[in-house]
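Structure at a glance
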There are 2 protein chains.
Amino acid sequence: MSGRKEKLPKLKAPPSLDDIRRIRAAIAPYIHKTPVITSDSINRILGCEIFFKAENFQRIGAFKMRGALSAALTLTEEELSKGITTHSSGNHGQAVAKTAYLLGVPAYIVMPRNSTPIKIVATKGYGAEVRFCEPNIEAREAGVAEVIRETGAVNIHPYNDYHVIAGQATAALEFLEETPDLDYLLVPVSGGGLLAGSAIVAKEFSNALIIGAEPSGADDAARSLKSGVLEKNIEPITICDGLRGNLGSKNFEIIKENVDDILTVSDDMIIEAMSLIWNRMKVIVEPSAVVPLAVIMNDRKRFQGKRVGLILSGGNLDLKNLPF
Amino acid sequence: MSGRKEKLPKLKAPPSLDDIRRIRAAIAPYIHKTPVITSDSINRILGCEIFFKAENFQRIGAFKMRGALSAALTLTEEELSKGITTHSSGNHGQAVAKTAYLLGVPAYIVMPRNSTPIKIVATKGYGAEVRFCEPNIEAREAGVAEVIRETGAVNIHPYNDYHVIAGQATAALEFLEETPDLDYLLVPVSGGGLLAGSAIVAKEFSNALIIGAEPSGADDAARSLKSGVLEKNIEPITICDGLRGNLGSKNFEIIKENVDDILTVSDDMIIEAMSLIWNRMKVIVEPSAVVPLAVIMNDRKRFQGKRVGLILSGGNLDLKNLPF
């Protein structure tokens, strides 16, 4: 028996607000309700009122914890007992590892050999078995397939999964309940779990326009929304290591219907946004987390005088290798 | 007329708890009530329950704001109108500059030529006139004397001043009201404003043992408490740029009577403590702020199972020049 309190039902379609509320209640014992923080000086500099949902203070330092838990809680006891697995060089791997630890079941994380040492140490620190592979998608998927053959563990996809999307949506639900009357909600987008989940909540729950924020060097989501067809990053070049992946198909379907726009911004502006938050707010955020703020800095006029909500997605990065 | 709401009475003796309460009310409109934060993982690692009063989130990024305001609010309108001055390479200079800005009066900050550019920019950013001097105490004091001759501005001492001590004490008052039943309160010590103020509050208000935390490379306060005579740092060598100064005489009188012990710790452990807070808590603290945590890491047995309060004194440092 796992240490789980409740098994969640499986979702066969995009989550509704009710599904997300149920999942929020189920994951609540395992996660932090993160604070909404503000900075007078950043508001003064940018001429708008910004509210930051600080998921960098979430367990494992990123919102990914929510989706991994949400997916794991839908598994049967028999499935859970064999453990959970994923391939990841980043926050999702840590989230799956920590989820397994909290539920008292095994975790097998396939990591590319060139993952940063600090992330390897962190993943092992949560008690996961780390298996290394060559740093390409085929080797990563083969690594997970081998884990599944050997152990019967269940694969938890980082984003292309309704349960994961619903889990990430709980961050927006907490945020919008605490911070009403936003004009805009800005969310970073890569695989699209956080953006799709947030968009479902925002459309049902508020009048805020919902905008994805993406580095111009990995702009598949912006191109997909424009063309109406799921596009890919060919050679993503961005400092945002969390945003180099491709938009998921399930995520895209939700985003097409619920997201108002996706704006892109240069790495230079992303680094400037990161420096602003570190210096003015004294909180540690990773490059991927500040893309929404960079979008505002890049297009101040649009946001002038508005109430804007931003999700600071995470705070995990190599402190020995900062971009400023 | 300055923008001040209330003139505080002058203190002729160490502040009482009532004085500190009055000053807290007077400075409240100008400062942030900073949060008390915790970290499950640091508690698990160190085997005690730690509460951090996050003065790194204070205006100007450090508790120094409290003392500068407290001192400025005791000045007459005529005194205030001529402005306030100090010499500082660090947080106190920024605090005096910001205080003057908030009260609508001039500030003249004498800074050593070799101050870090980021601190010069920050001080100017608060609207102060910055005057440069050679980096030694005689030149700094001569610079302030010249400002006073020219402008009639009032000097605000960084620590050897009852009003400053009472202002810093308000951090401990907020902290202990919110976090009762502490076994220990640990506070960094240099000039001794924060430690002396905190000790007055803690002795009147709680049963916590009050302990100063000092880098071994600048241990004048520890030596002074041991010998009973005010000792000096000859050649302070520590990464904690905020803690290289000497204990003040007024501060020492209060500390002798109210502080239970002063513990010292190596720079290596201070850097380790800083890394622990940055990585686990995702908040930016300067080296001086983590000396209390380093003291706990250095003497885990003493604090095992205890409820310990720590004041994170500030978060200002050069992000281009980190010690890890």
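Quick notes on the rules
- Residue indices begin from 1 for each chain and proceed along its sequence in written order.
- Chains and ligands are labelled by the order in which they are written, letters from A for the one and numbers from 1 for the other.
- Given that this is a predicted model, residues contribute local features only at a pLDDT of at least 70 and side-chain atom pairs are listed and counted only at 80 or more, while totals for whole chains, interfaces and linings are drawn from all residues.
- Only hydrogens and water are set aside; all other atoms, that is, all heavy atoms of the structure, feed into the side-chain values.
- Throughout this description, the term nonpolar core refers to a set of buried Ala, Val, Leu, Ile, Met, Phe, Trp, Tyr and Cys residues connected via side-chain atoms within 4.5 Å.
- Relative accessibility thresholds used throughout: buried, under 20% of the residue-type maximum; exposed, over 50%; partly exposed, between the two (1.4 Å probe, protein chains only).
- Every residue pair with non-hydrogen atoms within 4.5 Å of one another is taken to be in contact.
- Two parts placed together each lose some accessible area; with a 1.4 Å probe, that loss summed over both constitutes the buried area.
- Salt bridges are defined by distance alone: a side-chain nitrogen of Lys or Arg within 4 Å of a carboxyl oxygen of Asp or Glu.
- Whenever two N or O atoms come within 3.5 Å, that pair is a polar contact, provided that in protein one can donate a hydrogen and the other can accept it, and provided that, for residues adjacent in sequence, both atoms are side-chain atoms.
- A run of H or I in DSSP becomes a helix once it reaches four residues, and a run of E becomes a strand once it reaches two; helices and strands are each numbered from the N terminus.
- Classification used: nonpolar for Ala, Val, Leu, Ile, Met, Phe, Trp, Tyr, Cys and Pro, charged for Asp, Glu, Lys and Arg, polar for all others including Gly.
- A pair of strands is considered paired only if DSSP assigns at least 2 bridges between the two.
- Only the stretch in contact is used when a helix axis is fitted, and all axes are lines through C-alpha atoms; the angle between N-to-C directions ranges over 0 to 180 degrees.
- A pair of cysteine sulfur atoms is labelled a disulfide when the two atoms are within 2.5 Å.
- What fixes the domain bounds is an automatic or database domain assignment.

Counting 84 residues, the largest nonpolar core has Ile277, Trp278 and Leu293 of chain A together with Ile277, Trp278 and Leu293 of chain B as its most contacted members. Residues within four places of Trp278 of chain B in sequence aside, it is in contact with Trp278, Ile284 and Leu319 of chain A together with Val283, Ile284, Val285, Leu317, Leu319, Leu322 and Phe324 of chain B. Core analysis: the second largest hydrophobic core is formed by 69 residues, Met65, Ala68, Leu176 and Leu185 of chain A among them.

Counting from both sides, the interface comprises 21 residues of chain A and, opposite them, 21 residues of chain B. Summing the contributions of chain A and of chain B, the shared interface buries around 1,700 Å²; its carbon and sulfur component is 58%. Among the residues chain A hides against chain B, the three largest losses belong to Lys282, Ile284 and Leu319 of chain A. Together they make up 37% of the total. Counting across the interface, chain A meets chain B through zero salt bridges. Applying the counting criterion to the chain A and chain B interface returns six residue pairs in polar contact (both at pLDDT 80 or more). Mapped onto the side of chain A that touches chain B, the elements with two or more residues apiece are α2 (40-46) and α12 (267-281) of chain A. Top element by residues in the side of chain A that touches chain B is α12 of chain A. It accounts for three residues. Residue classes in the side of chain A that touches chain B are distributed as nine nonpolar, six polar and six charged.

Right, let's talk about the sheet that holds strand β5 (residues 129-133) of chain B for a bit. Residues and elements named next belong to chain B. Ordered by their spatial adjacency, four strands build an open sheet running β5-β4-β3-β6, and the pairing between neighbours is parallel. Each edge of the open sheet is held by one strand with a lone partner, namely β5 and β6 (154-155). When strand β4 (residues 107-112) meets β5, the two strands line up parallel, connected through five bridges. Note on β5: the bridge partner recorded for Tyr108 is Glu129. Of the strands in this sheet, β3 (84-87), β4, β5 and β6 are in contact with helix α7 (residues 137-151), which crosses β3 at around 165 degrees.

All names here are of chain A. Look at Ile60: it is not a glycine, yet its phi comes out positive at around 60 degrees. Relative to the helices and strands, Ile60 is located in the loop between β2 (49-54) and α3 (64-72). The backbone phi angle of Lys282 is positive, close to 60 degrees, even though this residue is not glycine. Its place among the elements puts Lys282 in the loop between α12 and α13 (291-298). Classification of Lys282 as buried rests on a relative accessible area of 7%.

Below, the discussion takes up the state of the cysteines. Residues and elements named next belong to chain A. Using the criterion set out here, one finds zero disulfides over all chains in the structure. The closest cysteine sulfur to the non-disulfide-bonded Cys240 is located on Cys48, 20 Å from its own sulfur. Overall, the relative accessible area of 0% leaves Cys240 in the buried class.

All names here are of chain A. Taken domain by domain, chain A consists of domain 1 (17-63 + 161-321) and domain 2 (65-155). Computed from C-alpha atoms alone, the centre-to-centre distance between domain 1 and domain 2 is 24 Å. In this assembly, 25 residues from domain 1 lie in contact with 17 residues from domain 2. Buried surface at the junction of domain 1 and domain 2, both sides included, amounts to about 1,700 Å², of which 63% is carbon and sulfur. Of all residues in domain 1, Tyr30, Ile60 and His163 bury the most surface against domain 2, accounting for 37% of the area lost on that side. Run the count over domain 1 and domain 2 and you get three salt bridges. Here Glu174 and Arg66 are joined by a salt bridge, their closest N and O atoms 3.0 Å apart. Where domain 1 meets domain 2, there are 11 residue pairs in polar contact (both at pLDDT 80 or more).

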